[in-house]
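Summary of structural features
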Number of protein chains: 2
Amino acid sequence: MPLFAAIEKIVGPRGYLHKPEDLALYEYDGGIDKSRPDLVVFPESTEQVAAIVKAAAEAQIPIVGRGAGTGLSGGAIARAGGVIVSFARMNRILEIDLPNERAIVQPGVVNIDITSAVEADGYFYAPDPSSQRACTIGGNVSENSGGPHTLAYGVTTNHVLGIEAVLPDGSIIDTGSNYDQPGYDLTGLLVGSEGTMALVTKIIVRLMRKPEVVTTLLAIYDRPEDAGDTVAQITERAITPVAIEMLDGPLLRMIEDAVHAGYPRDAAAVLLIELEGLKETVDEQIDQIRAACALCKAREVRVAANAEQRELLWKGRKNAFGAVGRFSPAYYVQDGVVPRTQIAPTLRFIEEVSKRHDVAISNIFHAGDGNMHPLIMFDPRVPGEMEKVRRASDEILEYCVQVGGSITGEHGVGMEKMEMMDRQFTPATLDTIAAFKKLFDPGCRLNPGKVLPTGRGCMEIRQRPGDLSL
Amino acid sequence: MPLFAAIEKIVGPRGYLHKPEDLALYEYDGGIDKSRPDLVVFPESTEQVAAIVKAAAEAQIPIVGRGAGTGLSGGAIARAGGVIVSFARMNRILEIDLPNERAIVQPGVVNIDITSAVEADGYFYAPDPSSQRACTIGGNVSENSGGPHTLAYGVTTNHVLGIEAVLPDGSIIDTGSNYDQPGYDLTGLLVGSEGTMALVTKIIVRLMRKPEVVTTLLAIYDRPEDAGDTVAQITERAITPVAIEMLDGPLLRMIEDAVHAGYPRDAAAVLLIELEGLKETVDEQIDQIRAACALCKAREVRVAANAEQRELLWKGRKNAFGAVGRFSPAYYVQDGVVPRTQIAPTLRFIEEVSKRHDVAISNIFHAGDGNMHPLIMFDPRVPGEMEKVRRASDEILEYCVQVGGSITGEHGVGMEKMEMMDRQFTPATLDTIAAFKKLFDPGCRLNPGKVLPTGRGCMEIRQRPGDLSL
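Residues numbered from 1 in each chain as written. Chains lettered and ligands numbered in written order. Predicted model: local features only at pLDDT ≥ 70, side-chain atom pairs only at ≥ 80, totals over all residues. Heavy atoms only, no water.

A count of helices and strands for chain A gives 16 helices and 18 strands. Against the 2.2 N^0.38 benchmark of 23 Å for 470 residues, chain A shows a C-alpha radius of gyration of 23 Å, consistent with a compact globule. Oriented by its inertia axes, the alpha-carbon framework of chain A measures out at about 70 × 60 × 45 Å. Each of the 470 residues in chain A was classed as buried or not, and the buried ones make up 62%. Intrachain contacts of chain A at a sequence separation of at least 6 include 71% that bridge at least 24 residues. For chain A, the distance from the average position of its 47 positive side-chain charges to the average position of its 63 negative side-chain charges is 4 Å. (Helix = DSSP H or I, 4+ residues; strand = E, 2+ residues; numbered from the N terminus. Rg over C-alpha atoms; globule rule 2.2 N^0.38 Å. Buried < 20%, exposed > 50% of the residue type's maximum accessible area, 1.4 Å probe, protein only. Contact = heavy atoms within 4.5 Å. Lys, Arg positive; Asp, Glu negative; His and termini not counted. Charge placed at Lys NZ, Arg CZ, Asp CG, Glu CD.)

This is how it looks when you write it as structure tokens:
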């Protein structure tokens, strides 16, 4: 049976898109790359996913899973064409088990909806990407997403207890029960595998109890280095805030114009620091953080007086990328990680790169983790501009690796950073990674052209629409 | 070159053992299985490990890594003979990096020695198996070991940031930098792979700041169910102690006779509860836990008044297995996990099994995690006794799986529970696990006869000593 007919048999006539104008919506994600799929399918069950995967395997067509398409490394782009499996219709919370602090969800559930479903009972789901009002758990699992609260709670892999997934041959695996899986850690391997090994169809997530008190501070600086030093001072005092975010001056002004979060327009940098716990603990930590900020020459430290003020401070941070979009025709945000002690020199290096390539770079990042998000602003209509941006970005990532860091903290490798993987790993380690890919997906049909550098990874077989018998 | 000569060339004449009386010391671990290796080698560097692995690969001889041999599932037993690689001489802490909260260590470093090296500066290494004064980090990584404080801090995999390892062909891989490794989670896959994929030669571990205050409580009960209910009550109050250990009456009396920890001889059960944090937090939590204990009919709640009293309470718990050894010719300890809400029914089921098979079973376990350690006492000299014990054990583990739990929490699968893996996983998932093993170790020479059930796993090729050209 031709693929087209097979797919319609599985999901019905309203279960897929194939017209060019419909497909155009699925050629982007949140990054800068694009490529058009040949077909977008909307399964409603694990069995439908397995049937779609089997049909695509017979037709030898590439398959790419997709959540909300908010990813920043090109993970959901069908760069070799083929079928996009959208999880938009597999968006149900299947079970909430509060006594055992877990929930079972479908991949299309929006991140924030898990917290919404349990917060009245005093629980929440911890990983909080900036896109959490849109992004899905399936996408979070694929990219092992983080967020501002990663500092205290870790990334997605620390909150996933088990997975059901469809392998490239259509078989369904279940990585174990809900508790302490014996043997190899399949769950951990699938989290962060960026859709190159399996399509995740069900996820058991950990729920956490909401803290008694949450407080947010804004520390304001006249020099960015002083903000960097404050992070080291806080660590030295043995306090772990749940979040320490840094935003530089230019970004503050762009955000303020767009969001009116109450950020100071004349500052060189701010730290957004969040504390959680019992009231007594938080009160004591506020005093210690005030002392650390004062020692590092903070001009002012504001403490949010209530939930509204707190939400306003976070609104600025969470809408930062949107704010930049009002000022620059395009921007490119990177995701390098450096040891916490290397933040200040890395900021200086980014400034050098900015001057040398004559591109505007602003900094907004998870300072507590050393997870830098340099944001390069540019105009893609100017010839040569895109190339300049990519060179600047590559130099920053190479610097991160050199000082003992990594090319990605939470956005994934995708198609964006795959050619940088040989800076991070030795050939023997890359061979091991490639062997994994081949083990799961010998035909190289699952999200081809991602994660591994060209030559070690999968060939990109561009399928003509004709092959789909459309 | 025959293997014998090749090994001597790599490690010198004092770098290996081969006489039967020496090898006899290496045929056991902390479990109940045994098998004698043909050779035990003591490398002093990664390069020596790689050379040994290459030589063994040429001779097609099995290789088994070994730390301190304290494991409880037969992980370090050379069940197919061959070469044991002991990491006793690779026991150095290579680097301590306090500002970035990590240390780089060799696999033979004893667990407690990491904490000893950093505690003066206010840091510690969190996973704390009962054997932590003897067991090594390499063994902890292989088995993904836990301990009483797993409840708050997680198991070994949550504290390992990167790994260097030797693959079965002798090549050396490095799973990434110290921070947020891009791509597939090789570190996570190797942790808990029980020596079946690679020999770990270097480990980057996370260090944590010591809390301001640590307090230990002993809650004493006349009925074991009341202790189980208290665990649920504590969870309901949104308190996460760093440890909640349960010990039943018979065990209390055995421990008290051996260790004199001050445990009540006439109790039916106790909970050992530990709290950590700032002083104000801990004081408030003590009040809440007292209330929970009172509600669940605890006869008495004692709070350790100082560090000495605290250490004495833990001394009883950590020496429990030794204490049992004084009373029973042999014992067999299991490692099943159940959802926290299933602890009370599981205790009732264990009592039924005990009566039905007429074997004495005592319970000591990580109650907060639902990680049960039923301890079956027996005399191996009585014919048929061993078989009875294994049957009782299997029934308990099957029950754990049925109620949504697992056959192992922290001891690993090893050779002890491999035949139970098909109760835990579907055939498709077991095929995936087997494919991993084959990917890393196509010749099935690394720790053969472990983790996977017979038929799906590796053949056990018993090498005659003659093959080693000894």
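All names here are of chain B. Read across the open sheet, the seven strands follow the order E15-E12-E14-E13-E17-E18-E16; overall the sheet is antiparallel. Of all strands in the sheet, those with a lone pairing partner are strand E15 (300-303) and strand E16 (330-333), marking the two edges. For this sheet, the mean inter-axis angle between neighbouring strands, taken without regard to orientation, is 20°. In this structure, E16 lies alongside strand E18 (residues 374-378), joined through four bridges in antiparallel fashion. Bridged to Val-333 within E18 is Leu-375. Contacts from helix H9 (residues 249-259) reach strand E13 (243-248), strand E14 (269-277), strand E17 (360-366) and E18 within the one sheet, and its direction differs from that of E13 by about 90°. Seen against the sheet, helix H13 (residues 343-357) touches E13, E17 and E18 and runs at an angle of roughly 160° to E17. (Pairing = 2+ DSSP bridges. Axes fitted to C-alpha atoms, helices over the stretch in contact; angles between N-to-C directions.)

Moving on: the side chain of Arg-317 of chain B. Residue and element names in this part refer to chain B. In this fold, Arg-317 is placed in helix H11 (residues 307-318). Of note is the side chain of Arg-317, whose polar atom sits 2.6 Å from the side chain of Glu-245. Those residues in contact with Arg-317 that sit more than four places away from it in its chain are Ser-130, Glu-245, Leu-247, Tyr-263, Leu-272, Ile-364, His-366 and His-373. (Polar contact = N/O pair within 3.5 Å; in protein donor to acceptor, adjacent residues only side chain to side chain.)

Bringing the packing of aromatic side chains into the picture now. Each pair of aromatic rings is reported with the distance of its centres and the angle of its planes. All names here are of chain A. One pass over the structure, following the stated rule, counts 15 aromatic pairs over all chains. Arranged with centres 6.3 Å apart and planes meeting at 70°, the rings of Tyr-26 and Phe-42 form a pair that is edge-to-face. Remark: Phe-42 occurs in the loop between strand E2 (39-41) and helix H3 (46-59) and Tyr-26 occurs in the loop between helix H2 (20-23) and E2; sequence separation between them is 16 residues. Of the two residues examined, Tyr-26 and Phe-42, each falls in the buried class. (Phe/Tyr/Trp six-rings, centres within 6.5 Å; stacked < 30°, edge-to-face > 60°.)

Let us look at the interface of chain B and chain A. Each partner contributes residues to the interface: chain B has 58 residues there, and chain A has 58 residues. The contact between chain B and chain A buries some 5,000 Å² in all, and 63% of this surface belongs to carbon and sulfur atoms. For the pair chain B and chain A, the interface holds two salt bridges. A salt bridge links Glu-101 of chain B to Arg-340 of chain A; the nearest nitrogen and oxygen atoms lie 3.2 Å apart. Only strand E9 (172-174), helix H7 (186-190), helix H8 (224-236), helix H10 (279-295), helix H15 (421-424) and helix H16 (427-440) of chain B provide two or more residues apiece to the side of chain B that touches chain A. Sort the elements by how many residues they give to the side of chain B that touches chain A and H16 of chain B lands first, with nine residues. Broken down by class, the residue content of the side of chain B that touches chain A amounts to 25 nonpolar, 22 polar and 11 charged. (Buried area = accessible area lost by both parts, 1.4 Å probe. Salt bridge = Lys/Arg side-chain N within 4 Å of Asp/Glu carboxyl O. Nonpolar A, V, L, I, M, F, W, Y, C, P; charged D, E, K, R; others polar.)

Residue and element names in this part refer to chain A. Split into domains, chain A comes out as domain 1 (93-209), domain 2 (213-322) and domain 3 (328-402). One C-alpha centre belongs to domain 1, the other to domain 3, and the line joining them spans 30 Å. Taken together, the four residues of domain 1 in the interface contact four residues of domain 3. In total, domain 1 and domain 3 occlude about 280 Å² of area from one another, counting both sides; carbon and sulfur atoms represent 60% of this. For the pair domain 1 and domain 3, the interface holds zero salt bridges. Where domain 1 touches domain 3, the interface holds zero residue pairs in polar contact (both at pLDDT 80 or more). (Domains from an automatic or database assignment.)

All right, on to the packing of helix H8 (residues 224-236) of chain A against helix H10 (residues 279-295) of chain A then. Residue and element names in this part refer to chain A. Packing of H8 against H10 brings their axes to within 9 Å, and their N-to-C directions diverge by 140°. Of the possible angle classes, the one that applies to H8 and H10 is oblique. Crossing hand, H8 versus H10: right-handed. The residues of H10 that touch H8, namely those facing Thr-230, Gln-233 and Ile-234, are Ile-289, Ala-292, Cys-293 and Leu-295. By residue class, the composition of the contact of H8 with H10 is five nonpolar, two polar and no charged. (Parallel < 35°, antiparallel > 145°, perpendicular 65-115°, else oblique. Left-handed = near helix turned anticlockwise from the far one by under 90°.)

Three or four residues apart is the spacing at which side chains of an α-helix point the same way, because the helix has 3.6 residues per turn. Residue and element names in this part refer to chain A. For helix H1 (residues 3-11), the set of buried residues is Leu-3, Ala-6, Ile-7 and Val-11. Taken around the axis of H1, the buried residues stretch over an arc of 110°, which confines them to a single face. Taken together, the buried residues of H1 touch strand E1 (16-17), E2, H3 and strand E4 (83-86). Where H1 terminates, the next one or two residues include Gly-12, which has phi positive at roughly 80°. (Arc of directions from axis to C-beta.)

Attention shifts here to the environment of Gly-31 of chain B. All names here are of chain B. Of note, Gly-31 is situated in the loop between helix H2 (20-23) and strand E2 (39-41). When the C-alpha atoms of Gly-31 and Ala-88 are compared, they prove to be 20 Å apart, with 57 residues separating the residues in sequence. Contacts of Gly-31, omitting those with residues within four sequence positions, involve Gly-71 and Leu-72.

This next bit is on the packing of helix H9 (residues 249-259) of chain A against helix H12 (residues 320-327) of chain A. All names here are of chain A. Orientation of H9 relative to H12, taken along the N-to-C sense of each, is 90°, at an axis distance of 8 Å. Classified by the angle their axes make, H9 and H12 are roughly perpendicular. Mapping the contact onto sequence places Leu-251, Met-254, Ile-255, Asp-257 and Ala-258 in H9 and Ala-320, Ala-323, Val-324, Arg-326 and Phe-327 in H12. In terms of residue class, the contact of H9 with H12 is built from eight nonpolar, no polar and two charged.

This paragraph deals with a negative patch on the surface. A contiguous patch of negative charge, built from Glu-212 and Glu-280 of chain A together with Glu-212 and Glu-280 of chain B, is present on the exposed surface. Counting through the fold element by element, Glu-280 of chain B comes out in helix H10. (Patch = residues over 30% accessible without salt bridge, like charges linked within 9 Å, V, L, I, M, F, W, Y side chains within 5 Å. Areas by Shrake-Rupley, 256 points an atom, 1.4 Å probe, with all protein chains shown as cover.)

The subject of this paragraph is the pairing of strand E10 (residues 199-206) of chain A. All names here are of chain A. Most of E10 is tucked away: six of the eight residues are buried. As judged from the six bridges shared by strand E8 (residues 160-166) and E10, these two strands associate in the antiparallel manner. Within E10, the residue paired with Glu-164 across the bridge is Lys-202.

Here the focus is the relation of the copies chain B and chain A. Structural alignment of chain B on chain A gives an RMSD of 0.0 Å, achieved by rotating through 180° and translating 0.0 Å along the axis. Each copy turns onto its partner about a two-fold axis. Same-surface contact between copies: 100% of interface residues of chain B are shared with the interface of chain A. (Least-squares fit on C-alpha atoms with pLDDT ≥ 70 in both.)

For the rest of this paragraph, the subject is the sheet that holds strand E18 (residues 374-378) of chain A. Residue and element names in this part refer to chain A. Ordered in space as E15-E12-E14-E13-E17-E18-E16, the seven strands form an open sheet in which the pairing is antiparallel. A single partner strand is all that each edge strand has here, and the edge strands are strand E15 (300-303) and strand E16 (330-333). Neighbouring strand axes in the sheet, compared pairwise and without regard to direction, differ in orientation by 20° on average. Sheet topology places strand E17 (residues 360-366) next to E18; four bridges connect them, and they run antiparallel. Residue pairing for E18: Ile-361 is matched across the bridge by Ile-376. Strand contacts of H8: strand E12 (213-221), strand E13 (243-248) and strand E14 (269-277), with the helix running at about 25° to E14, the strand carrying the most contacts. Across the sheet, helix H11 (residues 307-318) touches E12, E13, E14, E15 and E17, and the angle it forms with E12 is around 55°.

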